[in-house]
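Observations on the model geometry
Residue strings, one per chain:
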Amino acid sequence: NYSCQRQPHNFFVLSLLSKFSSSHLSGAGGWSPLESNEQQWLQVDLGDRVEIVAVATQGRYGSSDWVTSYALMFSDTGRNWKQYRQDDAVWVFTGNSNADSVVHHKLLHSVKARFLRFIPLKWNVGGRIGLRVEVFGCSYKSDIADFDGRSSLLYRFNQKLMSTFKDVVSLKFKSMQGDGVLFHGEGQRGDYITLELQKGKLSLHLNLGDSNLHFSNSHTSVTLGSLLDDQHWHSVLIERFNKQVNFTVDKYTQHFRTKGDSDHLDIDYELSFGGIPVPGKPGTFQRKNFHGCIENLYYNGVNIIDLAKRRKPQIYTGNVTFSCSEPQIVPITFVSASRSYLLLPGTAQIDGLSVSFQFRTWNKDGLLLFTELSENSGHLLVYLHGGRLMLLIQKETENPVEITEEWLTTGTNLHDGLWHSVAINARRHRITLTLDNDAATASHATTVSRIYSGNSYYFGGCPDNFTDSQCLNPITAFQGCMRLIFIDNQPKDLILVQQGSLGNFSDLHIDLCGIKDRCLPNYCEHGGKCSQSWATFYCDCNNTGYMGATCHNSVYEQSCEAYRHQGKTSGFFYIDSDGSGPLGPLRVFCNMTEDKIWTAVQHNSTGLTRVQGAGPEKPYTMSFDYNSSAEQLEAVINSAENCEQEASYYCKKSRLLNTPNGMPFAWWVGRANEKHLYWGGSLPGIQQCACGLEESCLDMRYFCNYHLPVTQIVITDTNRSNSEAAWKIGPLRCYGDRQFWNAASFNTEASYLHFPTLHAEVSLDISFFFKTTAVSGVFLENLGIKDFIRIEISSPKEITFSIDVGNGPTEATVQSPTALNDNQWHYVRAERNLKQTSLQVDSLPKKVLEAPAEGHFRLQLNSQLFVGGTASRQKGFLGCIRSLHLNGQKLDLEERAKMTPGVKPGCPGHCSSYGNLCHNGGKCVEKYNGYFCDCTNSAYEGPFCKEEVSALFEAGTSVTYTFQEPYPVTKNASTSSSAIYVDAVVSKENIAFSFLTAHTPSLLLYINTYFHEYLAVILSKNGSLQVRYKLSKDGLLIFTIDSGNFANRELHHVKINREGRELVIQVDQVLKLKHNFSEIDFKAIKSLTLGKVTDSLSLDPEVSKANAYGFTGCLSSVQYNHIAPLKAALRHPSIAPVTVRGSLTQSNCASMMEADVNTATTTYSSSDPFGKTDEREPLTNAVRSDSAVIGGVIAVVIFIIFCIIAIMSRFLYQHKQAHRNSQKKEKEYPENLESSFKADIDLQNTVSECKREYFI
């Protein structure tokens, strides 16, 4: 049952190309050509244009001859054929598998044509081409008008002015010309509407009621379609309602809004179709009239052509005929980039040469023409090179003469897909090259020898056999279309070439131009610019923030958590919350603290702002610009574990909530443009807003996040005497990534998670992490009727991405040199687009497979998406999958796993994969949703224990770390009591620190024991470094490193490692010394001192001399075994066993390398010169309230609390009267909120204010 406008009729073959009994279905015999090759076809003449909706085929009766696949072409005239396309590809129909069965195919898009061709592509291997066909369709009637480039139709209105707020225009057209006006109307107020062809594209110009706009500048103009000058029918539909317009050309639609100050289109007198009949009319513009045919032209329901055919008075017919004249022009298509050519004969030895033709292509390079000239006058070549037209006459005995011609409008862009004409004329010694019939810009050259025409002309390329042809091609073969070939001023009949009676050819399509605009539609995503060649398209992703073959992949990570996972430290980054989705990247500040990763989005006003003079009639309003869209901010918030935003409000004689009718005087606006009246709404420490406390949030997973961000603040009560308010809205701050650690554990091969069908017809990306010990298993699968996608671990060292879009399965496999089933996290990213299929595993080389230029390309899936298994429940995955993203969308594995048997939410064991990210002795600690680096025993800090902890020392500065005595013994214990200290024996020292100084001598580090043993590191007078060991058996050992002056204001790194008897000293990562001790350990270490030793110890003379000066300079990241004494002094001075004497200032040694140390010490002894902030702060550069404001606010709050208690006990019953009195007793807050907030507050009035606020 096939449907069209009326009951379908069966059509049978009316013209046959070979002898057979019958070629319609169920008849005996069938069509079988004498030769079975790709040049055969069966053509059906249906007598008139009909609507074809279906076809059916059989093999030849009683034989082994049948066609297994075929294509269709159609035409109105039997010339200039068009291939049947579906899904933007030449459609290949499945044929028969035997001689008798009937295979039906319903056309997805019906075809209006008189002629139909069946093109056999493949046939039975054991037989020949054999075919019986039937065509299903309906009769087709239409009204057609033919315009010759000078004619037009005028549709005159019944009244002088036609004013419409709704218009519908529909038509079909066909033309060989790339330019021409299809219709135009205008009004005296400046309104107009114009539809015209421009370079093979259709442009719609609209202007509604704005006389200041002119046609050439700021009118609304939209262009759609491409290659519309192909002499085939194209449909157009324009629908306008007020300013909203839908513009459709063929199957492509563009929606837009018009400019102008009116919703109405006012047209005076008439609309003209096919051109503008009066070029001199005021306000009109100079454009070509349309040359071609228009069919079924309707304007607001009026059949214009029907009125013209019936000679109705409102239609003026200007030289228009009502049948479509078809030019008998035969185009040809050069298909192959290496084998295509056309050989045409010429007349040899004519004095001179004349060749002309037209071409269109997308390729920059290609041979257009080669001919061997007669009388030994050389070779003539015409070719494209870089989009430029080149002519070369070459003789073996002469230097080549080269002529280049620039295209007049774009200069060199002759590969723009438009038709270009080329004419080569030579007479005696003069040759002329003319492009696009522009004689004024023709190029001329004079040759030494006279030019005589040859007898063979090769167009598009050369045959493989050079010996026979003598054809030379210095460049690639031409891919594109040609037509109107003239040799010696005579046109060449290309149909004779097709029939084999003229010339020769290879890999040509004759009588059709198969050019295709691969940039329509534009498959370059995210604003990528599309360009193309004959076989493919290219995407320029510059300045888009995306990368890949189709600009599909974001160059940025999806969250600050992902940047931290890469080892990044705090700073500004771009994040793309939806990855390859439609939302663009957003600039944020990522603050990587040890316990949380904060994301901060700044807006345009984060400071304290005062407000005066605002009232209900003239409210104060401030809108906040986050330099992003609401959708981008919403994506950031929804992805985070928690978000917050500071909202501070200070008032002085400015009411906030105490209004008689309950409505507030100030509020803020949040997400979805909703007004919010609460300012906190929760008890201290709860970290939820009011809806979180009351469990009334629309989504309890987000708590207060649902209302953020703050987009506007409104204040309306600062217009009274001495009334004032101040507010501050901080940046949007979020921490965590709810998806990055979102994981599921699959415990059995039969277990899986299922999600809705994946919809990704033309582009797809899938990324996730996995870990497993299994040798194989399917990560993900989604099936269609024929299409499918699957990602699996096919062996311990192989990951395979399989996909079928209708052209047969494609597999991309990445092989790893090491096993992937090692229970470590591994990253997988699979991508598929129209150009390629790719698979990336960890940092291994990406596997890329190029997609075919033609064929099916839409991925059609219809089953559920299976994660961790398959629909057959076989080859399931055992292990963990986390952070699964599909086209930027995040799949919540944990939530789905909670309700699925055999699957558990979460997956432990992150430190086994990421523990190496914790440096300098930091310890990786597991969390449910990730890990963190514990820097307790490290001399460094930060999220990865990589940030140095440094301090400035002055001459008398001393930092002493005291080791706990194991037993209460006296300090002068005898050697016989050494057994008491057996637990305090240290058999190794791992010492590391960095220093910067300009002073010598200096004592850097001193370790002493209860047995008068010590280790000292000093700088000698000459700047050399000394390590002095005093052990009881070895006595005093001095190790001097004198490779330079270490007091040179540069940062030096020292490592002293003793393991048992062996000592190794490194300075600046260079091994300086090795030594073996006879004593193997320190006994009973007492203390470690940095800088000056202040205890009354008996120091040896050299150490005492250095200690007299102490240390002046910068010490950084001091580590002794598992102890970090300098970090303890700076971070935990109250709880660590550390004593600080003198001035110790946190600093940054690395930033001081070029600074004078004395100046630095003097300048920065009391404050941090580098602005170091507490790592516990959510944002390092966040706006902070002044300490005076904080103190003042706390004092006032405490005082108000006492006021409230007193008022409640004494005046509760008088609250209504007190409320009225309080309106007269408002007391001003101080003018300076920053410094004197708690000054000058009158006690009695404060109590009154408290009482009033209590009863709000």
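See above for the structure.
Summary of the structure given here. (Residues numbered from 1 in each chain as written. Predicted model: local features only at pLDDT ≥ 70, side-chain atom pairs only at ≥ 80, totals over all residues. Heavy atoms only, no water.)

Here we look at unusual backbone geometry
Peptide bonds are mostly trans, and most non-glycine residues show a negative phi. The omega torsion across leucine 520 and proline 521 is -5°, close enough to zero to call that bond cis. Locating proline 521 in the fold gives a position in the loop between strand 38 (508-510) and strand 39 (529-532). That bond from threonine 1000 to proline 1001 is cis: its omega, -10°, falls within 30 degrees of zero. Along the chain, proline 1001 turns up in the loop between strand 76 (988-997) and strand 77 (1002-1009). Phi is positive for asparagine 489, which is not a glycine, with a value near 65°. One can find asparagine 489 in the loop between strand 35 (480-487) and strand 36 (490-491). At alanine 672, a residue that is not glycine, the phi angle is positive and equals roughly 65°. With respect to the helices and strands, the residue alanine 672 is situated in the loop between strand 50 (666-669) and strand 51 (675-676). For alanine 672, a relative accessible area of 61% puts it in the exposed group. (Helix = DSSP H or I, 4+ residues; strand = E, 2+ residues; numbered from the N terminus. Buried < 20%, exposed > 50% of the residue type's maximum accessible area, 1.4 Å probe, protein only.)

A word on the nonpolar core
Phe993 and Tyr1029 are the most contacted members of the largest nonpolar core, which totals 46 residues. Those residues in contact with phenylalanine 993 that sit more than four places away from it in its chain are Leu1004, Leu1005, Val1017, His1052, His1053, Val1054, Leu1115, Ser1116, Ser1117 and Val1118. Among the nonpolar cores identified, the runner-up in size contains 41 residues, and Val169, Phe173, Leu206 and Ile315 belong to it. (Core = buried A, V, L, I, M, F, W, Y, C linked by side-chain atoms within 4.5 Å. Contact = heavy atoms within 4.5 Å.)

Details of the pattern of salt bridges
Scanning all chains against the criterion turns up 30 salt bridges. The partner of aspartate 148 in a salt bridge is arginine 150, and the shortest N-O contact between them spans 3.4 Å. You can call aspartate 148 partly exposed: its relative accessible area is 22%. Close ionic contact of lysine 1105 with glutamate 1102 constitutes a salt bridge, the shortest N to O distance being 3.8 Å. Of this pair, lysine 1105 and glutamate 1102 both sit in helix 9 (residues 1101-1109), 3 residues apart, roughly one helical turn. (Salt bridge = Lys/Arg side-chain N within 4 Å of Asp/Glu carboxyl O.)

Focus on the sheet that holds strand 48 (residues 642-644)
Strand order in this open sheet of 5 strands is 43-44-45-54-48, and the pairing throughout is antiparallel. Edge positions in the sheet fall to strand 43 (571-575) and strand 48, since each has one partner strand and no second. Recorded for the sheet is a direction-independent mean angle of 30° between the axes of neighbouring strands. Here 5 bridges tie strand 43 to strand 44 (residues 586-592), and the two strands are oriented antiparallel to one another. (Pairing = 2+ DSSP bridges. Axes fitted to C-alpha atoms, helices over the stretch in contact; angles between N-to-C directions.)

Description of the sheet that holds strand 76
By way of backbone hydrogen bonds, the strands of a sheet pair with one another, either parallel or antiparallel. Taken in spatial order, the 7 strands line up as 83-82-81-76-86-73-88 in an open sheet, and their pairing is antiparallel. At either end of the open sheet lies a strand with only one pairing partner, and these are strand 83 (1070-1076) and strand 88 (1144-1147). For this sheet the average axis-to-axis angle between neighbouring strands, irrespective of direction, equals 25°. In terms of strand pairing, strand 73 (residues 950-953) meets strand 86 (residues 1113-1120) through 4 bridges, oriented antiparallel. Counterpart to leucine 952 in the pairing with strand 86 is cysteine 1114.

Describing the packing of aromatic side chains
Tallied over the full model, the rule gives 39 aromatic pairs. Centre to centre, the rings of phenylalanine 334 and phenylalanine 478 are 5.6 Å apart; their planes meet at 70°, and the pair counts as edge-to-face. A residue pair is termed long-range when its members are at least 10 positions apart, and phenylalanine 334 in strand 24 (residues 332-334) and phenylalanine 478 in the loop between helix 2 (466-469) and strand 35 qualify at 144 residues. Judged by relative accessible area, which is 1%, phenylalanine 478 ranks as buried. For the pair phenylalanine 746 and phenylalanine 877, a centre-to-centre distance of 6.2 Å together with 70° between the ring planes defines the contact as edge-to-face. Placement of phenylalanine 746 in strand 55 (residues 743-746) and of phenylalanine 877 in the loop between strand 65 (865-867) and strand 66 (879-886) is noted, with a sequence separation of 131 residues between them. Judged by relative accessible area, which is 3%, phenylalanine 746 ranks as buried. (Phe/Tyr/Trp six-rings, centres within 6.5 Å; stacked < 30°, edge-to-face > 60°.)

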